[in-house]
Amino acid sequence: MAKIVLVLYDDPVDGYPKTYARDDLPKIERYSDGQTLPTPKAIDFQPGTLLGSVSGELGLRTYVESLGHELVVTSSKDGAGSDLDKHLHDAEVVISQPFWPAYLTAERIARAPKLKLALTAGIGSDHVDLDAAIERGITVAEVTFCNSISVAEHVVMMVLGLVRNYIPSYQWVMKGGWNIADCVTRSYDVEGMHVGTVAAGRIGLAVLKRLKPFDMHLHYTDRHRLPESVEKELGLTWHASREEMYGVCDVVTLNCPLHPETEHMINDETLKLFKRGAYLVNTARGKLADRDAIVRALESGRLAGYAGDVWFPQPAPKDHPWRSMPHHGMTPHISGTSLSAQTRYAAGTREILECYFEGRPIRNEYLIVDGGKLAGVGAHSYSARKKA
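Basis of the calculations
Residues numbered from 1 in each chain as written. Predicted model: local features only at pLDDT ≥ 70, side-chain atom pairs only at ≥ 80, totals over all residues. Heavy atoms only, no water. Helix = DSSP H or I, 4+ residues; strand = E, 2+ residues; numbered from the N terminus. Rg over C-alpha atoms; globule rule 2.2 N^0.38 Å. Buried < 20%, exposed > 50% of the residue type's maximum accessible area, 1.4 Å probe, protein only. Contact = heavy atoms within 4.5 Å. Lys, Arg positive; Asp, Glu negative; His and termini not counted. Charge placed at Lys NZ, Arg CZ, Asp CG, Glu CD. Salt bridge = Lys/Arg side-chain N within 4 Å of Asp/Glu carboxyl O. Patch = residues over 30% accessible without salt bridge, like charges linked within 9 Å, V, L, I, M, F, W, Y side chains within 5 Å. Areas by Shrake-Rupley, 256 points an atom, 1.4 Å probe, with all protein chains shown as cover. Pairing = 2+ DSSP bridges. Axes fitted to C-alpha atoms, helices over the stretch in contact; angles between N-to-C directions. Disulfide = S-S within 2.5 Å. Core = buried A, V, L, I, M, F, W, Y, C linked by side-chain atoms within 4.5 Å.

A. The overall build of the protein chain, seen in detail. Looking only at helices and strands, the protein chain features 14 helices and 13 strands. The globule rule puts the C-alpha radius of gyration for 388 residues at 21 Å, and the 21 Å found for the protein chain is close to it. The principal-axis extents of the C-alpha atoms in the protein chain amount to approximately 65 × 55 × 40 Å. For the protein chain, the residues scored as buried account for 53% of the 388 residues in total. Taking the contacts inside the protein chain whose residues are at least 6 apart along the sequence as the reference set, 68% of them involve residues at least 24 apart. Within the protein chain, one finds 43 positive and 48 negative side-chain charges whose respective centroids are separated by 1 Å.

B. Representation of the pattern of salt bridges. Under the counting rule described, the total for this entry stands at 24 salt bridges. Asp85 is paired through a salt bridge with Arg108; the nearest N and O atoms lie 2.6 Å apart. Within this pair, whereas Asp85 is found in helix H2 (residues 83–87), its partner Arg108 is found in helix H3 (residues 106–110), the two being separated by 23 residues in sequence. The class for Asp85 is buried, based on a relative accessible area of 13%. Residue classification places Arg108 among the buried positions, given a relative accessible area of 8%. Measuring nitrogen to oxygen at the nearest pair gives 2.6 Å for the salt bridge that ties Arg285 to Asp126. One end of the pair, Arg285, is in the loop between strand S10 (278–282) and helix H12 (291–300); the other, Asp126, is in the loop between strand S4 (117–120) and helix H4 (130–136), and 159 residues separate them in sequence. Exposure remark for Arg285: the relative accessible area of 12% places this residue in the buried category. Look at Asp126 and you get partly exposed, because its relative accessible area is 25%. A single network of salt bridges, built from pairs that share partners, joins Asp85, Glu107, Arg108 and Arg111.

C. A look at a nonpolar patch on the surface. Together, Tyr166, Ile167, Tyr170 and Met174 make up an exposed nonpolar region whose accessible area comes to about 440 Å². Within the element layout of this structure, Tyr170 appears in helix H6 (residues 166–174). Its relative accessible area of 42% is what places Tyr170 among the partly exposed residues.

D. Fine view of the pairing of strand S1 (residues 3–7). Taken across its five residues, S1 has five buried, putting it largely inside the fold. Both faces of S1 are covered, namely the face carrying Lys3, Val5 and Val7 and the face carrying Ile4 and Leu6. Of the strand pairs in this sheet, S1 and strand S2 (residues 70–74) are connected by five bridges, and their pairing is parallel. Opposite Lys3, over in S2, you have Glu70 as the bridge partner. As judged from the four bridges shared by S1 and strand S3 (residues 93–96), these two strands associate in the parallel manner. Among the inter-strand pairings, Ile4 is bridged to a residue of S3, identified as Val93.

E. Highlighting the sheet that holds strand S13 (residues 373–374). Pairing in this open sheet of seven strands is mixed, and the strands run S2-S1-S3-S4-S5-S12-S13 from one edge to the other. The sheet is open, and its two edges are formed by S2 and S13, each paired on a single side. Along the sheet, helix H13 (residues 339–358) contacts S1, S3, S4 and strand S5 (139–142); its crossing angle with S4, the most-contacted strand, is approximately 165°.

F. Here's a closer look at the state of the cysteines. The full count for this structure, using the stated rule, is zero disulfides. With no disulfide of its own, Cys256 lies closest to Cys249 among cysteine sulfurs, the gap being 14 Å. The class of Cys256 is buried, set by a relative accessible area of 8%.

G. Representation of the nonpolar core in the model. By size, the foremost hydrophobic cluster in this structure holds 61 residues, and its most contacted members are Leu58, Val94, Ile95 and Tyr345. Considering every element that reaches this core, the biggest residue donor is H13, with seven residues. Not counting chain neighbours up to four residues away, the residues in contact with Val94 comprise Val5, Leu84, Leu88, Ala102, Leu104, Leu115, Leu117, Ala118 and Leu119.

H. Representation of the sheet that holds strand S11 (residues 303–308) in the model. Pairing is parallel across the open sheet formed by six strands, whose spatial order is S8-S7-S6-S9-S10-S11. Each edge of the open sheet carries a strand with a single partner, namely strand S8 (236–238) and S11. Neighbour to neighbour, the strand axes of the sheet diverge by 20° on average, direction disregarded. Bridge count for strand S6 (residues 194–198) against strand S9 (residues 251–254) is four bridges, and the pairing is parallel. The residue of S9 that forms the bridge with Val198 is Leu254. Each of S9, S10 and S11 is contacted by helix H5 (residues 148–163), which is oriented at about 150° to S10, the strand it contacts most.

Read these as geometric descriptors, not functional statements.
Dropping the structure here:
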């Protein structure tokens, strides 16, 4: 019998929903690059329901228990007394979402001798110490592309929200005001602006595609340059480095993985390269940006606005300065966990578990670490720590 520990965020404050705003979801069969959606043999949930919270259980309990395995579902993940820590000693599989990550540090991995699979229900496995997983021979997998478009839509929403000064204008309505001048003193059009993405993978490229109809000038930087045909189709300008791109952009969006080379890449020094009054959107990972440098840039006017849904740590403490800094549009980490996305990553999690328990290969595009090395999409996106 295997123990699977499933770490999910808490249910709504008013309880698990009994009804939903919509009755169904649009039918999508393939992603934009041709990759098929998750293909589990079966699912035990209703698409469009809340699966990512504790009571939703990613729709896994019936399946897991039918195999005779134990499923532990909890939101308690931080600190020595957490449920996660209590179950690490005999956990074979740990599953969590990027929005409520189970931080599998090297120390925790050392206390999990039976751990064989660390599974991310979503995209982004930086909450797992990949080097420790490599050394231990632990497989790390995630449900690639399941919520990439969800995040890209969130980025576009935040770009428009910042530039058009939407949130403060909405707040005037909520306060009973009709303060047009107050609303528009920080409101601009995105038309004609230059927008650049750091990384043009599935999310970054999807953002550029969605912003092109707004007649913005599109820029990108990535260690993997896009095909010339794609650059011509979208009218993209490629930059050899992040630093080269920053100074020409009115809007910068971060869509790259977090690893040692990108941690705190936005800091006091690199922010000096930005145009005064630029907007920065970060739905990738909180630690890509130096927390206090962002606050200083907003207070000084170096940045006109900052928006994102990624923090460090997660959940963010109540006194986190990003909650109270000026001109921000922060949300909890929700961009990739819409009800639509949950349906896909719950199905993908089920598919990966089916492969694991049946001894079948996990899709290459789902793999981050396998066989003691970076594998699949992990080899494309992450960098292993260099040994001394």
